[in-house]
Every structure is written in structure tokens, then in C-alpha cells.
Amino acid sequence: MKFRGYLLTFSFLWVDGMAIFPFIFSKSKMPGKVLLYHETIHLKQQLEMGLLPFYIWYFLEYLIRLFQYKNHYLAYLNISFEREAYANEREFEYLVDRKFWAFLKYL
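Analysis parameters
Residues numbered from 1 in each chain as written. Predicted model: local features only at pLDDT ≥ 70, side-chain atom pairs only at ≥ 80, totals over all residues. Heavy atoms only, no water. Helix = DSSP H or I, 4+ residues; strand = E, 2+ residues; numbered from the N terminus. Rg over C-alpha atoms; globule rule 2.2 N^0.38 Å. Buried < 20%, exposed > 50% of the residue type's maximum accessible area, 1.4 Å probe, protein only. Core = buried A, V, L, I, M, F, W, Y, C linked by side-chain atoms within 4.5 Å. Contact = heavy atoms within 4.5 Å.

> What am I meant to see in the overall build of the chain here?
For the chain, the helix and strand inventory stands at five helices and three strands. N-terminal to C-terminal, the α/β element order of the chain is β-β-β-α-α-α-α-α. At 13 Å, the chain has a C-alpha radius of gyration in line with the 13 Å of a compact globule built from 107 residues. Taken along its principal axes, the extent of the C-alpha atoms in the chain is 35 × 35 × 25 Å. For the chain, buried positions account for 38% of its 107 residues.

Right, dumping it as C-alpha cells:
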């Protein structure tokens, strides 16, 4: 796995990791390989969609999932971007052969 992006550490983050192209923000100074790869998948999603369209889609899909599941955590887990990242975060060569807009199959 080649890490592409910039890692910044903030101990006050409310989540373990977060990607905002081209940065990965981490709560830990030494994040695990799986967390880094999960966030790297998000960087790829953001790169192919564009940052603003990605976050608009992410937020709208979150609202739809929140209405559907009536639970924040379940809504988050069922966002297509998250489903793709969680499903492939341990396949460290996934991004090599990943199809364009592959998150669509997780809708």
C-alpha cells in the first residue's frame, strides 16, 4: 500500500480518522494501516468526485440513511462511501484495480 496524502494529527478529534483531500486527520500519532487505508479510499472517492460534490452527496445520503434507520451510527455505516471503505479497508491493493465511482455498487 502506498500512502498518498498528508497525515495530520489532532488529539482532540472526535473520530479516529477523517479524510479531506489531500489530508488525513488522525487522533493518533501512529494510526494503524487499516485506518490509513480506509481514509485513503475516501481520498480516492473525493478526488474522482470533487471535494464539494463528495461532501454534498455524503451529507444528503447521511440524512436519507438517518431517516431510514433512525440511528446516527447505522446511518453513518450505511453511507455508500463508508460501505465501500469498510468493505475494502483490509485489501491493501484495492485501489490499484478499483473501478471509477465504485461506491455506486454500495448504494
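And the narrative resumes.
> What's the story with the nonpolar core in this structure? I'm lost.
As a rule of thumb, nonpolar side chains are buried together in soluble globular proteins. Residues Met49, Phe54, Tyr58, Tyr62, Ala75, Tyr76, Ile79, Phe81 and Phe103 constitute the largest nonpolar core, which totals nine residues. Secondary-structure elements contributing two or more residues to this core are helix 2 (51–69) and helix 3 (72–77). Sort the elements by how many residues they give to this core and helix 2 lands first, with three residues. With residues up to four places along the chain from it excluded, the contact list for Tyr58 reads Tyr76, Ile79, Phe81 and Glu82. Residues Tyr37, Ala85, Tyr94 and Ala102 belong to the second largest nonpolar core, which totals five residues.

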